[in-house]
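This is what each chain is made of:
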2 protein chains.
Amino acid sequence: MTLTIALDAMGGDDAPEVVVRGADRARQQRGDLAFSIYGDEARVGPLLAKRSELGAVSRFVHTDSHVAADAKPSQALRQGRGSSMWKAIEAVKSGEAAAAVSAGNTGALMAMAKFQLKTLAGIDRPAIATVMPTAKRDTVILDLGANVDCAPENLVQFAVMGEVYARAVLGVAKPEVGLLNIGTEDYKGDDTVRAAAAMLRASDLPIEFVGYVEGTDVTAGKVDVVVTDGFTGNVALKIAEGTSRLYAHKLRTVFKASWRAKLGYMLLRQELDGLRRQLDPRRYNGAMFLGLAGIVVKSHGGTDTVGFANAIGVAANLVARGTNERITQELGRLGDEAAERARLAAS
Amino acid sequence: MTLTIALDAMGGDDAPEVVVRGADRARQQRGDLAFSIYGDEARVGPLLAKRSELGAVSRFVHTDSHVAADAKPSQALRQGRGSSMWKAIEAVKSGEAAAAVSAGNTGALMAMAKFQLKTLAGIDRPAIATVMPTAKRDTVILDLGANVDCAPENLVQFAVMGEVYARAVLGVAKPEVGLLNIGTEDYKGDDTVRAAAAMLRASDLPIEFVGYVEGTDVTAGKVDVVVTDGFTGNVALKIAEGTSRLYAHKLRTVFKASWRAKLGYMLLRQELDGLRRQLDPRRYNGAMFLGLAGIVVKSHGGTDTVGFANAIGVAANLVARGTNERITQELGRLGDEAAERARLAAS
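Residues numbered from 1 in each chain as written. Chains lettered and ligands numbered in written order. Predicted model: local features only at pLDDT ≥ 70, side-chain atom pairs only at ≥ 80, totals over all residues. Heavy atoms only, no water.

Enquirer: Even after reading the chapter, I still don't get the interface of chain A and chain B, so can you show me in this structure?
Expert: Listed per partner, the contact involves 56 residues of chain A and 56 residues of chain B. At the junction of chain A with chain B, the criterion picks out two salt bridges. The tally of links between chain A and chain B comes to twelve residue pairs in polar contact (both at pLDDT 80 or more). When residues in the side of chain A that touches chain B are grouped by element, the largest group, 20 residues, is from helix 10 (residues 230–255) of chain A. Looking at the side of chain A that touches chain B, its residues break down into 30 nonpolar, 16 polar and ten charged. (Contact = heavy atoms within 4.5 Å. Salt bridge = Lys/Arg side-chain N within 4 Å of Asp/Glu carboxyl O. Polar contact = N/O pair within 3.5 Å; in protein donor to acceptor, adjacent residues only side chain to side chain. Helix = DSSP H or I, 4+ residues; strand = E, 2+ residues; numbered from the N terminus. Nonpolar A, V, L, I, M, F, W, Y, C, P; charged D, E, K, R; others polar.)

Structure below.
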């Protein structure tokens, strides 16, 4: 079966080049992809013309405008109806595409996706999720910035969505879910986190909720899914990225410090390249908007061809594994169980 | 002039050994220290007896109890009046010691310190601050967990305290202060962060407020002082620590992967040791409780002799540089300026 992915060709620092090259790379990596590409014909046309195999599986639609990287989401929503970003999401809504991928303005993408696609039944607010490398496993973390203020119910819904993602896409049999906090004792944290923990413990959700996790637990890989509000999650992910970059930078300096060091680096190069591949941020590129009635993936604005191709792969996996259908099922079961408990309590 | 530091000998994973050894090391590092040591005589006595030079500058006071690592702060406050932690803080209150250092329960230490010492005039809530290494400079970050919910006024006061610390103790001529957020655009963040930014911009405080910083800006060393609420700050610091640990662990594996890799490591060892010393978490051990009418420093519970000695050094520096007096001055000036502006507006 062919999966059609809608692409916002104009989003990201190096658009449209990276988008078109990334699509071509993704096409080579898996044989089941087709594309609907939205962007400026004068810029995208020549790039597609040079790639006949990509052209053969792509439909190109010219758009007159695109969303600026620094546009306010509300403004983009009002003024960006004909933009490449809007059109890519619209293709998901109409069923023409199975998913949309953009490396453009995150806030605008979320606002447009919410407006056009609406949320899944049982979800009040969608969340942004990604996978990060840790000492022991790949860990899903959400929310990363869609919701700066969260109610306990939102965090519970994030837990369900993250758990389904870890099961459906990462293939973890029984994902362990933790709630990010500033300590593991019961009394730690704010009212929202404590209330969400109480709800997760009290619910009969088929979720392996392990309780609170701290920042150091996240990087140690204590759980498969880390649930938090969008403010904390955004800071946590960017601090992790920044610390990795700091280490990489310091190490590069060390490896060039002397002839002796350079020789040492040459001897270690094979292993260090392996480590670099393992922790390569491009491998983890592609933040999923979970909880929408449609699949939308946000690529890092500054990524390259490899990273953008990976974001397309993330979108394709979300579709192929039926992630949204499973989230709806889980939430339906949650509703059924709540109804059942109410019936039992009343009888 | 001799600085007397009060020590809770019973706090921390390896107390009292690490505390006594750390005190001895700090004494050797700087000649102006004396100690008031509080703890269980049966355990601390023999350790002191073996160290005559430390004994010569120490006063030991037996205490019957100590605060458990997992005690709830409110409970510690009610039941821990005779504990080694309580007595160490009491010594600061009575003027017998210039500062207190403990590696015990953070929440209990803050609760007892607030109760006994009270806050400085103009400070509603004390904050926990530490110094972290970044790509460009040592950066002060606060709050790290004393206040999970903050009002904008609290964040403004944290900015003043952090700025004074960077100037007085780190010796930065004109520290740049940033407010941690999930983006740098004006509309990003929650109401509290936006209100705090507006207050910092509107005030005539002699503070170099550069606006919002993101997680990646923190590790890149964009500012000297990072201001945030205690929930976000705690997660940020622990994610940074955890990511460093993850890298160190992965690198150790690489360096042992083969004979070739081991040889490479040997050639790089000198430079890598330099890097390790530079990023050594023990060098950054010692979280300051800023905003109290008295100096209290919290050491990591799991630190070793080197780390504990460093925490004592942090406390001594805070005293020697007159940090609290300077914070009070700044806040006084803030009050004067507000009064002056009100006068001008009314005239």
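That shown, we press on.
Enquirer: When you look at the side chain of Ser-58 of chain A in this model, what are you seeing that I'm missing?
Expert: Residue and element names in this part refer to chain A. Summarising the element assignment, Ser-58 is placed in strand 3 (residues 58–62). For Ser-58, the side chain forms a polar contact with the main-chain oxygen of Leu-54, separated by 2.8 Å. Not counting residues up to four positions away in its chain, the partners in contact with Ser-58 are Phe-35 and Ile-37.

Enquirer: Before we go on, may I ask you to explain the relation of the copies chain A and chain B in this structure?
Expert: Overlay of chain A on chain B (RMSD 0.0 Å): rotation 180°, translation along the axis 0.0 Å. Here the transformation between the copies is reduced to the relation of a two-fold axis. In terms of proximity to the rotation axis, the leading residue of chain A is Gly-264 of chain A, whose C-alpha is 1.9 Å off the axis. The overlap is high: 100% of the interface residues of chain A also sit at the interface in chain B, so the same surface is used on both sides. (Least-squares fit on C-alpha atoms with pLDDT ≥ 70 in both.)

Enquirer: I'm lost on the nonpolar core in this one. Help?
Expert: The tendency in soluble globular proteins is for nonpolar side chains to be buried side by side. Counting residues in each nonpolar core, the largest one holds 216 residues, and the members touching the most others are Ile-5, Leu-7 and Ile-312 of chain A together with Ile-5, Leu-7 and Ile-312 of chain B. Leaving out residues up to four positions away in the same chain, Ile-5 of chain A has contacts with Leu-33, Ala-34, Phe-35, Ser-36, Ala-97, Ala-99, Val-101, Ile-312, Ala-315 and Ala-316 of chain A. Counting 20 residues, the second largest nonpolar core, distinct from the first, contains Tyr-265, Leu-268, Leu-272 and Leu-275 of chain B. (Core = buried A, V, L, I, M, F, W, Y, C linked by side-chain atoms within 4.5 Å. Buried < 20%, exposed > 50% of the residue type's maximum accessible area, 1.4 Å probe, protein only.)

Enquirer: How do you make sense of the pairing of strand 10 (residues 287–290) of chain A when you look at a structure like this?
Expert: As a general feature of sheets, a regular strand has side chains that alternate between the two faces. All names here are of chain A. Residue alternation in strand 10 divides its side chains into two sets, Ala-287 and Phe-289 and Met-288 and Leu-290, and both sets are buried. Where strand 5 (residues 127–133) meets strand 10, three bridges bridge the pair, whose relative direction is antiparallel. Residue pairing for strand 10: Ala-127 is matched across the bridge by Leu-290. What sits between the antiparallel neighbours strand 10 and strand 11 (residues 295–298) is a turn of four residues, in which Gly-291 has the positive phi angle 105°. (Pairing = 2+ DSSP bridges.)

Enquirer: What is the right way to read the sheet that holds strand 9 (residues 225–227) of chain A from this model?
Expert: The strands that make up a sheet are held in pairs by hydrogen bonds between backbone atoms, and each pair lies either parallel or antiparallel. Residue and element names in this part refer to chain A. The eleven strands lie next to each other as 3-2-1-4-11-10-5-6-9-7-8, forming an open sheet whose pairing is mixed. Of all strands in the sheet, those bounded by a partner on one side alone are strand 3 and strand 8 (208–213). Taking the axes of each pair of neighbouring strands and ignoring which way they run, one obtains an average angle of 25° across the sheet. Taken strand by strand, helix 1 (residues 17–29) contacts strand 1 (3–8) and strand 2 (33–39), and its axis lies near 175° from that of strand 2. Relative to the sheet, helix 6 (residues 106–117) contacts strand 4 (99–102), strand 5, strand 10 and strand 11, its axis offset from that of strand 11 by approximately 175°. (Axes fitted to C-alpha atoms, helices over the stretch in contact; angles between N-to-C directions.)

Enquirer: Explain the pairing of strand 8 of chain A here, please?
Expert: All names here are of chain A. As paired elements, strand 7 (residues 176–180) and strand 8 share five bridges and run parallel to each other. What sits directly across from Val-177, in strand 8, is Phe-209. Read from strand 7 through helix 8 (residues 191–202) to strand 8, the crossover connection turns out right-handed. (Right-handed = clockwise from strand over helix to strand, strands pointing away.)

Enquirer: How do you make sense of the packing of aromatic side chains when you look at a structure like this?
Expert: Here the distance between the centres and the angle between the planes together describe a pair of aromatic rings. One pass over the structure, following the stated rule, counts five aromatic pairs over all chains. Taking the centre distance of 5.0 Å and the plane angle of 35° together, the rings of Tyr-247 of chain A and Tyr-247 of chain B count as tilted. Here Tyr-247 of chain B lies in helix 10 (residues 230–255) and Tyr-247 of chain A lies in helix 10, a pairing that spans two chains. With respect to burial, Tyr-247 of chain A and Tyr-247 of chain B carry one shared label: buried. Summarising the aromatic geometry, the rings of Phe-255 of chain B and Tyr-265 of chain B are spaced 4.8 Å apart at their centres and angled 25° between planes, so their arrangement reads as stacked. With Phe-255 of chain B in helix 10 and Tyr-265 of chain B in helix 11 (residues 259–279), the pair connects residues that are ten residues apart, well separated along the chain. Lying across the ring of Trp-259 of chain A, Lys-262 of chain A places its NZ or CZ 4.5 Å from the centre. (Phe/Tyr/Trp six-rings, centres within 6.5 Å; stacked < 30°, edge-to-face > 60°. Lys NZ or Arg CZ within 6 Å of the ring centre and 35° of its normal.)

Enquirer: Would you mind showing me how to read the state of the cysteines here?
Expert: Here a disulfide denotes one covalent bond, and it connects the sulfur atoms of two cysteines. Considering all chains together, one arrives at zero disulfides over all chains under this definition. Looking at the unpaired Cys-150 of chain A, the closest cysteine sulfur is the one in Cys-150 of chain B, lying at 18 Å. Overall, Cys-150 of chain A belongs to the buried group, its relative accessible area being 14%. (Disulfide = S-S within 2.5 Å.)

Enquirer: Explain the sheet that holds strand 3 (residues 58–62) of chain B here, please?
Expert: Residues and elements named next belong to chain B. Spatially, the eleven strands line up as an open sheet ordered 3-2-1-4-11-10-5-6-9-7-8, and their pairing is mixed. Every interior strand has two partners, whereas the edge strands, strand 3 and strand 8 (208–213), have only one. Looking at each pair of strands side by side, their axes are set apart by 25° on average, direction ignored. Packing of helix 7 (residues 152–168) onto the sheet brings it into contact with strand 5 (127–133), strand 6 (138–142), strand 7 (176–180), strand 9 (225–227) and strand 10 (287–290), and relative to strand 9 it is tilted by some 165°. Of the strands in this sheet, strand 1 (3–8), strand 2 (33–39), strand 4 (99–102), strand 10 and strand 11 (295–298) are in contact with helix 12 (residues 305–320), which crosses strand 1 at around 135°.

Enquirer: I tried to follow the environment of Ala-195 of chain B on my own but got confused; where do I start?
Expert: Along the chain, Ala-195 of chain B turns up in helix 8 (residues 191–202). Through-space distance from the C-alpha of Ala-195 of chain B to that of Ser-299 of chain B is 33 Å; in sequence the pair is 104 residues apart.

Enquirer: What should I look at first to understand the packing of helix 5 (residues 84–93) of chain A against helix 6 of chain A in this one?
Expert: For any two helices packed against each other, one specifies the crossing angle of their axes together with the interaxial distance. All names here are of chain A. Contact geometry for helix 5 and helix 6: axes closest at 10 Å, N-to-C directions at 35°. In terms of crossing hand, the pair formed by helix 5 and helix 6 is right-handed. Every residue of helix 6 that contacts helix 5 at Met-85, Trp-86, Ile-89, Glu-90, Val-92 and Lys-93 is listed here: Ala-108, Leu-109, Met-112, Ala-113, Phe-115, Gln-116 and Leu-117. The residue makeup of the contact of helix 5 with helix 6, split by class, is ten nonpolar, one polar and two charged. (Left-handed = near helix turned anticlockwise from the far one by under 90°.)

Enquirer: Sorry if this is basic, but what is going on with the pattern of salt bridges here?
Expert: A full pass over the atoms with the stated rule returns 36 salt bridges over all chains. Of the charged contacts, one joins Arg-30 of chain A and Asp-32 of chain A as a salt bridge, the two residues approaching to 3.0 Å between their closest N and O atoms. Given a relative accessible area of 22%, Asp-32 of chain A falls into the partly exposed group. Of the charged contacts, one joins Asp-224 of chain B and Arg-137 of chain B as a salt bridge, the two residues approaching to 3.1 Å between their closest N and O atoms. On the criterion of sequence distance, the pair formed by Asp-224 of chain B in the loop between helix 9 (215–220) and strand 9 and Arg-137 of chain B in the loop between strand 5 and strand 6 is long-range, its members being 87 residues apart. By relative accessible area, Asp-224 of chain B is classed as buried at 5%. Ionic contacts of the salt-bridge type, sharing partners, join the residues Asp-24, Arg-27, Arg-51 and Glu-53 of chain A into one network.

Enquirer: It is not clear to me how helix 10 of chain A should be interpreted in this structure. Could you clarify?
Expert: Note that an α-helix has 3.6 residues per turn; residues three or four places apart therefore point the same way. All names here are of chain A. Counted at 1.5 Å a residue, the expected span for helix 10 with its 26 residues is 38 Å, and the 37 Å between its end C-alpha atoms agrees. Burial analysis of helix 10 places 19 of its 26 residues in the buried class, the great majority of the element. For helix 10, the side-chain oxygen to backbone nitrogen distance between the N-cap and Phe-231 is 2.9 Å, and the N-cap itself is Asp-229. (Expected span 1.5 Å × (residues − 1).)

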